[in-house]
Every structure is written in C-alpha cells, then in structure tokens.
Number of protein chains: 2
Amino acid sequence: MPIPAPVLSELQTLLGERLSSTQADRDHHGGSESYHRAPPPDAVAWPETTQEVSAILQLCNRHGVPVIGWGTGTSLEGHALAVVGGLSLDMARMNKVTEVRSEDMQASVQPGLTREELNTELRTTGLFFPVDPGANASLGGMAATRASGTTAVRYGTMRDNVLALEVVLADGRIIRTGSRAAKSSAGYDLTALMVGSEGTLGIITELTLRLHGQPEKIAAAVCAFPTLEGAVECVTATIQSGIPMARIEFIDEVSVRAFNGYAGRNFPEQPHLMIEFHGSEDAVAADAERFGELANDFGGQGFEWAATPEDRNALWKMRHQAFPAQLSVRPGSTAVVTDICVPMSELAGAVAAAHEDIAADGMVGPILGHVGDGNFHSALLVEPGNEDELKRAKALARRMAERALAVGGTISGEHGVGIGKRALMADEHGEGWQVMGAIKAALDPNNILNPGKLVPERN
Amino acid sequence: MPIPAPVLSELQTLLGERLSSTQADRDHHGGSESYHRAPPPDAVAWPETTQEVSAILQLCNRHGVPVIGWGTGTSLEGHALAVVGGLSLDMARMNKVTEVRSEDMQASVQPGLTREELNTELRTTGLFFPVDPGANASLGGMAATRASGTTAVRYGTMRDNVLALEVVLADGRIIRTGSRAAKSSAGYDLTALMVGSEGTLGIITELTLRLHGQPEKIAAAVCAFPTLEGAVECVTATIQSGIPMARIEFIDEVSVRAFNGYAGRNFPEQPHLMIEFHGSEDAVAADAERFGELANDFGGQGFEWAATPEDRNALWKMRHQAFPAQLSVRPGSTAVVTDICVPMSELAGAVAAAHEDIAADGMVGPILGHVGDGNFHSALLVEPGNEDELKRAKALARRMAERALAVGGTISGEHGVGIGKRALMADEHGEGWQVMGAIKAALDPNNILNPGKLVPERN
C-alpha cells in the first residue's frame, strides 16, 4: 500500500526538500548488502531533530504508514528493507556528537554518526569507542542491531556499551532510557530492550555511550596454523587461560585465498588467526608471550607482527573488507551469511562441522569469525537468481543454526534477525518469540515500526 | 481479598504439606528488613519444580490470585511484601546447582540457591561467582532485583552476569531466555528485561550464570582519610586512572563508629576506604602501589592490610553487617535507606550534599557505599512509629534522589524499586515508566505477579 497523498503532503510541509520520492532516493534506500531483496520504500525522509522524528511518527501512526529506520544500509539480514512499503527514515543528518564527558568516559551522540566519525572526534581525548563491526556503520544502527565485531571479546558488544538512549515511540512519545550512572536497578531495563530491537519498538534519536581509554600499546599479528582444528582449539585455550585478547579472529584457508587476491596479500593458504593486544608496554609483551607459547602448542607458526600503526591499520582494513573479498572468490555472486555463536567449549566442533557440511555440498563458503566470542560466519556464495543454489545455501545455514542451538548457542551472534533469521526464531526462542511479539504489540499497536521483521507475524 | 477456598484446596492437592496458611509461616513471609510494612500473605507455597511453579501460576492466574516470589527476604524496598494479599512463592526448595560447565565458565542454578552456597560448591573448580550484595541472598532474588554490591566495580552487576534464564510467565507458560553463547543478537533481550523486573513479569526458575576465575592473589586493606571529600575524590581519581579495583568502598565517620561498636573494632573515627585487589602477585602489587600513591595525594594514611584470608574475611564480614551495625547506633531504630548512583564526576558533590543535608536536619544517617560505581547509601535512622521522623527521612531521601537525577544519575543503583522507590519512578523515567506499565500489562494482563510494585498503578 503506497503512502496516501495527504500524508505525503503533510510530510512535505514538515520536511521540505528533506522528503523525497524520487526513484533514485527510493532505490538507494531499498538496497541491501546481502541476497535479500524487496521493493524500495515509497519515500525517504531525512529528519534533523528528535521533534521532527516525533512529528513524523505521530503522522504515520495515525495513518498506519510503515516507518523503517535507515543508518548506513550495511546490515546483512535485510533489516532496513521496506518489505511492505512505507517511509524510509534516514538518520544521516542527525550525526552530531552532542557531548563528550571525558571524566566519566562517556559520549552522547546522535544516531546517524558513524563509529569512525566518533573515533575521529575522540582522537585527542585519550578515549575511544571500541565496538567495531567492520563496516563504518551508524551508531544508531549498531545499537538497533546489537552489533559487535572484532573487539567484543575484550570490550563487549553494543549491549555493554550503550548506557542510555533517547527513543521516539510509534505514537511519537519521546522517552529517555537508562542514565549516566554506571549501573541502575530502577525498573525494567528499557535500554537493553531497545538495543537489538531493530527499529521495531522505537526510533533511537540519541545514544549515551561508554568510552574506553586508548591503550598505551597496541600490537597486532597474523599467525598461520597447519589445521583448522589447531587454530580454533588455540582460540579456546587462549580464552580459557584468561589472556585479555583485544581481538582474536579466525580465517579459514578459502578466506585467506580471498584476501590474497582482493587485498594483494601473500599469506600461505592455511588457516590463520589475526590477533591484537591492548595494554601497557609490559602487559602487551607478557600477553603476547603467553599467547605465543599457546599458539606454538597448536602448531602456530610464522608470526607476522604489524610493525607500524600503518601496517596494523592495513591488516584490519583487510579484515574489514572480508565480505567483498569473499564475494570476489566467485565474481558476481551474492551470499547467504551465517552468524552462529556457541559456547567456547563447542567452538571447535561447530567450526569443523560447518566446514565439513560446506565441503560435502560442494558450495564455496569461506569461514571466518570472532572466535574469541564463539562467533563465526560462513559466506555461502550463490549466483543471483539461482534458486537451487539459494535453497542449498539456506539449508546449510539452517543446519548450522540447528547445530548451534543443540549445543546451547544462538542463531545470530551479531547480525540480528531482520527478515533473514526470522524463520529460525521459533527454533531458538520457542514461546519466548511470542513474548517478543506481545511486547511489540504493546508498544506499537498499529505495527508501523519496521513491520515484517524480527517478531512473529501479527494475527 | 483472601485466596478463595477452592484455590487453596487445589494448591493443597498439588503441594501437600508444601502449602501453609499457618500464622507463623505467613508472618515469616510478611516481614521486611526495612521500614516497609504490609499484612502477611494469605498462604505460602514451596514449589520444587518448574512444572509446579507453572501449575501454581496457571491456577492463580485463572482466579486472579496475586503471587509474590520470595527468596531470602533480604530486599530493602518491600519487594516481597504481599501488599494486596495472595500467595508467597518461596523458592527455597529449588536450590540446586543444575550444572557447572568449567570450560565455559558457566553454572546453571535454581533460584533458591544462595550466592554463598554456589561459591561453596565452586570452591574446588578454580571459579567463583563474584556478585556480592552483602546479604547471603538467593540468586533468583538477586537476578530479580538486579543486585550488585561491593564487587560490581570489577565484575559488573547481575545484568552482566546472567546469561540465560528459565522463566514461568503469569499464565504458566515456561520460556527460556538467552543462551550459553557469550553474545547474541537474536531478538529482544528478554534476559535483560527479566533481570530487575522484581517478579512482576515472571518467576525465575533457573539461571545460567557467568563465572570468573578465582584470582591468584587477593589483597585487602583499610585506609583512613582526614576528610570525606578527600576519601571520595580519591575514589574518583582511582577509577579515572583505570586501576582495576576489585572493591572500593567508602565508609563515613558515623559508619566507622557503628562498626567499632558493633564489630568490636578500633578504627579512628574518620572517613575510610575499604579496598581489595584481585590478580596475579605482580599485578596486585603494582595496583596496590599505584593506589597507595593516589591515596597519599588525597591525605590517605594508616593503611591496614588484611594479613591473612581470615583477616580479610573478617573485614568484609564487618562490611556486610553494615546495616545492623548502623541500626545499632540508635537502638530499636529502623531505617529509610537511600541508594542513589551518579556519574563518577558527580560523586564527590553528591556525597557532600547528602552529608550536609543530613547534618542540617539533625537526623542520624551514616553514609557508605560502592563508590567505585558512583553508588552510595545513607541509612536514615528513624524510631518505629514516629511519623514525623519518617516524613523527614523520606523528604531527605527524595532530595538526594532529585539531586541524583539532576546530575544524570539514578534513584536506585542496586536496591530496586519495590514499593519504596515507586514514588520516584516518574521523576526518573517520565513517560518511560508508562512504557514499563504497558509491558507489564502485555505479559501479565490479570496483574497477578507481585502487584502493587515497580510499575504504575493499573487503570
């Protein structure tokens, strides 16, 4: 159902040129980095204030017009697609750092600010915001999808680093959740409820984030292993030994080949770990030594240390380009990306099983991941439009998810639900998924906020 | 409204001798450690299985009978009082450790198990559960009130240490929230929603907890300061410098006097900090040295180190008996206990203002707290039945809460809402409090779960 003309006209009055129905703008807000496809939204709005967001939602709520939040469009499960039409709410113009409170190690930011922009602003403060999903995503989008990434093993996910939010509800009411205090037991944790709700419960218009001290010393390295099992078991042993890794990333052989081709590298075509240590000079040296001994026990060899900050940045830039690199292994392909997360004791088994399943099917499916959290991804490369391949990829993804659930894990460590993981939600949560639906219905009775995502279909 | 006879009879059939309506059992479940008073519940049930909890809730939900969870009765805001009658659900018989998974540093436990019982069971594993609210509370109760305490500055609160829950909903449905994976982005964070919901959204029947490695070395000390400001500013400087304190507790002069009398100590009657370090031998030595230098800057003197584990335990036992010690300053008194938590940069101002307000009123109100989190308590001692004193104490408590809110803090760092903090919820959360009410109404439409607490009165 298209947006009714009187609503469009009211939006136009409110936003002027910051409302667009051009095909180009609609198409730009109808794309996705993954295989998910949907028609574009009917219009795009660029609000500049919380009050505008509130006015837009009041209007859309009155007329039952869907509103879909848009950050940078880098989500992987079709979160921001307008599956039943409606208005794409692009937060790009709400991109300011509202306040940095160094003494409390906190920053308040608008949702359209990206994590790299924030860290650029923080450069001279001695502080940084650590959560790093790879993409230069918007902080609002990262909160909405409970993003994490390479540094979560040390600094936690968005769950751990969002202290407070300003949120506009479906009916336009503006609420503030959480506080600037380090902890609170004053009622339901609405901050935690909003983080990861994927724009289905409200639109985030401000975030108060926890910052961390820039480490005195950072050291990063790459290390090859003779077998996949050796690399993964080394990770489990490292985490269990309590070495405070800042990053510990697994990259399988196929992914290494992808990096070599895409980023002009020359790593041996073997499983690798990419690691990083943060701390004082002494602590980093001690941690690196302990890790080196463990790696040695599992056959690790050929440590290549990033000698300069530039080398280190190049290394992580390469890692962050994993997705296009993997796609380049099969030019023109798209990918079904899996995202299971399992308890550490189950990691080696889960990675090995995924590897075997992919090999048995014959599909190309490079594996890598944030293994320090027990989280890894396979990018199952499929030819666009090839229904048979898509079906096989989805069957493989389902098998991995079922295996994760069987060992106490989760279907999604960090990518979220969107439309891609919705079919697995009942498997993970059982009746709990219905509870999510009940909460959604209570806070958004007209189902205007990102409808068709995350929760069960409304009866 | 008393429980209807047919319901009591069905409960009796279900539970046999594990249902009681004796005055003694009712009175035992109608008390509170604080000044809050209410008539006792109409009956007490001791379920032994999740299925029994489910059957009890189905029955009570059908008949609109209130059900109030009961752990150890140590909460301070009247959380477990049967303010409109009903059934007290005592979880004491569900007190087993279900599973310890050392390799994942996790334990699954039933809600009636206390934190000390869990740590006794873990003694030989090299692991421990750190959250320590002082009282030997049940783990279910600690989750329900989002408890924290002395070690939160290092290990976080129940929010950070509960990975997964089994919960029975008002209508008897059994759900599992969270997973054993370190992180997840698979939908709304129902675990975080249940933690701190104070038995108003469901009854917790199993918890999966995050464990931590027992530190190689523990060192604890007490240190006196010439002024309140010096002690508190030393804490702020310590936290800002990043020294990983395991505990850092402030105790004012009046509290020191209370400890000296109650625990037979001989500390100088000055403000003190109680501190603890966890880590390797080397790290603890380095941290203690850095802290010593900072303390010196703020006039700290007379470090008294606990030489043996027994001395250390005696020290923290003393701290844990703060509440009875404080009450003993005025024999026969009860207390209005405040619990504000503010950003670190606001801590010194908030403590000083509280101190001045109490002095200006003339009330006896010792102050202490988990200042590493920005959280502190004053126990405003009132004579039971003295309405004027109670009114003055509540006015002082409100003033402290308002000051906390004015600087971005919270009315409750760790004690929760119950009935005691309910009048302040609108001040902290505004429209967000109504959102809590909407969630409560969606999950418990008949309002049987701990009615009269936390959320707004149902219209």
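Only a predicted model underlies this, so the values are computations on that prediction, with no experimental measurement involved. (Residues numbered from 1 in each chain as written. Chains lettered and ligands numbered in written order. Predicted model: local features only at pLDDT ≥ 70, side-chain atom pairs only at ≥ 80, totals over all residues. Heavy atoms only, no water.)

Some thoughts on the relation of the copies chain A and chain B
When chain A is fitted onto chain B, the two copies agree to an RMSD of 0.0 Å after a turn of 180° and an axial shift of 0.0 Å. Those values place the two copies in the arrangement expected of a two-fold rotation axis. Comparing interface residues between copies, 100% of those in chain A also sit at the interface in chain B, which points to an isologous, same-surface contact. (Least-squares fit on C-alpha atoms with pLDDT ≥ 70 in both. Contact = heavy atoms within 4.5 Å.)

Quick look at the UniProt feature "domain: FAD-binding PCMH-type" (unreviewed entry) in chain A
Within this structure's numbering, the places UniProt gives as "domain: FAD-binding PCMH-type" (unreviewed entry) are residues 37-214 of chain A. The straight-line gap between the two end C-alpha atoms of residues 37-214 of chain A is 40 Å; of that span, 23% is helix and 25% is strand. (UniProt positions renumbered as here; feature names shortened; annotations may be inferred. Helix = DSSP H or I, 4+ residues; strand = E, 2+ residues; numbered from the N terminus.)

Some words on the domain arrangement of chain A
All names here are of chain A. Along its sequence, chain A is organised into domain 1 (5-92), domain 2 (95-213) and domain 3 (217-406). Spacing between the C-alpha centres of domain 1 and domain 3 amounts to 36 Å. Tallying the contact residues gives 5 residues for domain 1 and 7 residues for domain 3. Carbon and sulfur atoms supply 66% of the area that domain 1 and domain 3 bury against each other, a total of about 490 Å² over both sides. Summed over the three residues of domain 1 that lose the most area to domain 3, namely E33, Y35 and L76, the buried surface amounts to 81% of that side. One can count 0 salt bridges joining domain 1 with domain 3. (Domains from an automatic or database assignment. Buried area = accessible area lost by both parts, 1.4 Å probe. Salt bridge = Lys/Arg side-chain N within 4 Å of Asp/Glu carboxyl O.)

Topic: the interface of chain A and chain B
Listed per partner, the contact involves 68 residues of chain A and 68 residues of chain B. For the pair chain A and chain B, the summed buried surface comes to about 5200 Å²; carbon and sulfur atoms form 58% of the total. Taken together, chain A and chain B are joined by 8 salt bridges. The closest approach of N and O atoms between E414 of chain B and K183 of chain A, which form a salt bridge, is 3.3 Å. Taken together, chain A and chain B are joined by 41 residue pairs in polar contact (both at pLDDT 80 or more). (Polar contact = N/O pair within 3.5 Å; in protein donor to acceptor, adjacent residues only side chain to side chain.)

A look at the environment of A92 of chain B
All names here are of chain B. Summarising the element assignment, A92 is placed in the loop between β4 (87-90) and β5 (97-101). The class of A92 is partly exposed, set by a relative accessible area of 36%. Placed 46 residues apart in sequence, A92 and S138 show a C-alpha to C-alpha distance of 8.3 Å. (Buried < 20%, exposed > 50% of the residue type's maximum accessible area, 1.4 Å probe, protein only.)

Topic: unusual backbone geometry
A positive phi angle, near 50°, is found at R146 of chain A, a position not held by glycine. Residue position: R146 of chain A is located in the loop between α5 (139-144) and α6 (152-155). The phi torsion at E198 of chain B lies on the positive side, around 55°, for a residue other than glycine. Inspection of the secondary structure assignment puts E198 of chain B in the loop between α8 (190-194) and β10 (203-210). The buried category is assigned to E198 of chain B, whose relative accessible area is 4%.

A short note on the packing of aromatic side chains
Where two aromatic rings form a pair, the distance of their centres and the angle of their planes describe that pair. Residues and elements named next belong to chain A. What the rule picks out here adds up to 10 aromatic pairs over all chains. Pairing F303 with W305 gives two aromatic rings, centres 5.9 Å apart and planes at 15°, and the pair type is stacked. Given a relative accessible area of 39%, W305 falls into the partly exposed group. Here the aromatic residues F277, F291, F303 and W305 are joined through ring pairs into a cluster of three or more. If you follow R247 out to its NZ or CZ, it ends over the ring of W316, 4.4 Å from the centre. (Phe/Tyr/Trp six-rings, centres within 6.5 Å; stacked < 30°, edge-to-face > 60°. Lys NZ or Arg CZ within 6 Å of the ring centre and 35° of its normal.)

Description of the pairing of strand β8 (residues 162-168) of chain B
The two faces of the sheet receive side chains in turn, since in a regular strand these alternate between them. All names here are of chain B. Of all 7 residues that make up β8, 7 are buried, and the element is covered over most of its length. Note that β8 and strand β9 (residues 174-178) share 5 bridges and pair antiparallel. Paired with V168 across the strands is I174, a residue of β9. Between β8 and β9, which pair antiparallel and follow one another directly, the connecting turn spans 5 residues, one of which, G172, has a positive phi of 95°. (Pairing = 2+ DSSP bridges.)

Considering the pairing of strand β8 (residues 162-168) of chain A
Strand direction decides the pairing type here: β8 of chain A and strand β10 (residues 203-210) of chain A, joined by 6 bridges, are antiparallel. By the bridge assignment for β10 of chain A, L165 of chain A is matched with L207 of chain A.

Describing the pattern of salt bridges
As a working rule, side chains carrying opposite charge can pair if their charged atoms are close by. Residues and elements named next belong to chain A. Enumeration according to the criterion identifies 56 salt bridges over all chains in this entry. Between R247 and D132 there is a salt bridge, with the nearest N and O atoms lying 2.6 Å from each other. With R247 in strand β13 (residues 247-251) and D132 in the loop between β7 (127-128) and α5, the pair connects residues that are 115 residues apart, well separated along the chain. E166 serves as the salt-bridge partner of R176, at 3.3 Å between the closest nitrogen and oxygen. With R176 in strand β9 (residues 174-178) and E166 in strand β8, this pair connects stretches of sequence that are 10 residues apart. Look at E166 and you get buried, because its relative accessible area is 10%.

Focus: the packing of helix α15 (residues 387-406) of chain A against helix α16 (residues 422-429) of chain A
All names here are of chain A. One way to put it is that α15 packs onto α16 with a least axis distance of 10 Å and a crossing angle of 20°. The orientation of α15 relative to α16 falls into the category roughly parallel. The crossing of α15 and α16 is right-handed. Every residue of α16 that contacts α15 at R398, A401 and L405 is listed here: A423, L424, D427 and E428. (Axes fitted to C-alpha atoms, helices over the stretch in contact; angles between N-to-C directions. Parallel < 35°, antiparallel > 145°, perpendicular 65-115°, else oblique. Left-handed = near helix turned anticlockwise from the far one by under 90°.)

A closer look at the sheet that holds strand β1 (residues 19-20) of chain A
Residue and element names in this part refer to chain A. With mixed pairing, the 4 strands of this open sheet are ordered in space as β1-β2-β4-β3. On the outer flanks of this sheet lie β1 and β3 (67-70), each paired with one strand and no other. Where β3 and strand β4 (residues 87-90) come together, 4 bridges link them in parallel fashion. Across the sheet, the residue bridging to V67 is L87, located in β4. Packed on one face of the sheet, helix α3 (residues 50-63) meets β2 (43-45), β3 and β4 and runs near 170° to β4.

Concerning helix α12 (residues 309-320) of chain A
Residue and element names in this part refer to chain A. Across its 12 residues, α12 extends 16 Å between first and last C-alpha, which sits within 8% of the 16 Å expected from 1.5 Å per residue. Of the residues making up α12, those classed as buried are R312, L315, W316, M318 and R319. End-on, the buried residues of α12 take up no more than an arc of 150°, which puts them together on one face. In α12, the exposed residues that point more than 90 degrees away from the buried face are E310, N313 and K317. On the buried face of α12, the contacting elements are β12 (217-224), β13, α10 (253-262), β14 (272-279), α13 (322-328) and β17 (367-369). (Expected span 1.5 Å × (residues − 1). Arc of directions from axis to C-beta.)

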